[in-house]
Each structure stands twice: as structure tokens, then as C-alpha cells.
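The residues making up each chain are set out below.
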Amino acid sequence: MYQKYKNAELVKPGGLELKDRLVGVQRVTKVTKGGRAFGFSAIVVVGDENGVVGHGLGKSKDVATAIAKAIEDAKKNLVRIPLQNGTLPHEQKGKYGGARVYIQPASSGTGVIAGGAVRAVLEAVGVHNVLSKSQGSSNPHNVVKATFDALLQLRDAGMVAKQRGISLEKVFKG
């Protein structure tokens, strides 16, 4: 799922205190010759509020099962996100489908300035101070994936030094 990201560190769910956040539940209707068949799809974000987060989609004939399936799916797709003092290392843009998300680090005391699906993801990651803007599509599935796109592109100073093959001091002083 995260193959295109060089710095995506996959995490196993064992031993983590994960909290789940329901982003959205959609009622899906399939018209058959016997009438309408209703189903539900749920999108859930799970995270330990300390840099580990994952998202999942569950589908079922009833809501509770759809949510349970989504949580299981989210636990299979956990990744570690670099955080810095309760905020992000740098600003970043993410895109998925028609949804575009912009996230920017903020000073201490700002809080999470984000709407809907972006807020759910950022709170699950454990970001306490951030500014964000969601543009384009407001479809929660695409907004969650666009937010993950932005988060997975984040790099802290240690990662930058390692990728460039230079010391951490040289990253800052040039």
C-alpha cells in the first residue's frame, strides 16, 4: 500500500495502545430485482497518538460489522510518521484523486486547525499543533488518503542526513 514512499516505516500492531476514530459511514444501495439491498461502508483511522497511524475500509450489511472490519484493515496498514515537539517537521502538500490537503507546523498552543477527515488523521497521529487546509473533493475516503500522502512525505532532520549521506550538523549548517 505504501510502496511508492521511500521513508514509509511499516509498524506491527503488537504491543501498541491503539485508539480508533470513525471518519465516516456510508449507506450503499444496490438495486436488485427483489428490491433494494442496503449495505454499509465505514472508514476508520487508528493510531497510538505518538507517531503511528493507519487507515482502513470495511464493508458489510450492518454498521457494527463494517466498523469492526475497518479497524482490522487499519491495523494491517500502520506506518510511523516523524513528529517534532507535538507538531510536524515541515509543511507538506498531499494529493489523492480529487482531494488536496495542505498541512503546516504550528507553534505551541495553536491546537489542531483542521476539518473532518484531516482532523481525525492528525489527532490519531498525535499532532497537537498544526494548521491545515483541505481543497478540492470533500469525499472522506480521498481526504484521508490525501492526508496520508502528505504525512508519508514528511522527513525529519535525521532522515534527511541519512538519505544525503552527511552528518546531522551539516544538514543545519550547510
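Remember, it's a predicted structure, so these values are computed and weren't measured experimentally.

Draft legend 1. Representation of the sheet that holds strand S4 (residues 52-60) in the model. Within the open sheet, the 5 strands sit side by side as S1-S5-S4-S3-S2. Their pairing is antiparallel. Where the open sheet ends on each side, the last strands, each with one partner, are strand S1 (9-10) and strand S2 (19-32). Note that S2 and strand S3 (residues 35-47) share 13 bridges and pair antiparallel. When the sheet's bridge partners are listed, Thr 29 is paired in S3 with Phe 38. Strands in contact with helix H3 (residues 140-152) are S2, S3, S4 and strand S5 (79-80); relative to S4, the strand with the most contacts, it is inclined by about 160°.

Draft legend 2. Structural context of the UniProt feature "domain: S5 DRBM" (unreviewed entry) in the chain. Under the UniProt annotation, "domain: S5 DRBM" (unreviewed entry) lies at residues 18-81. End C-alpha to end C-alpha, residues 18-81 measures 15 Å, and it is 22% helix and 59% strand.

Basis of the calculations
- Residues numbered from 1 in each chain as written.
- Predicted model: local features only at pLDDT ≥ 70, side-chain atom pairs only at ≥ 80, totals over all residues.
- Heavy atoms only, no water.
- Pairing = 2+ DSSP bridges.
- Helix = DSSP H or I, 4+ residues; strand = E, 2+ residues; numbered from the N terminus.
- Contact = heavy atoms within 4.5 Å.
- Axes fitted to C-alpha atoms, helices over the stretch in contact; angles between N-to-C directions.
- UniProt positions renumbered as here; feature names shortened; annotations may be inferred.

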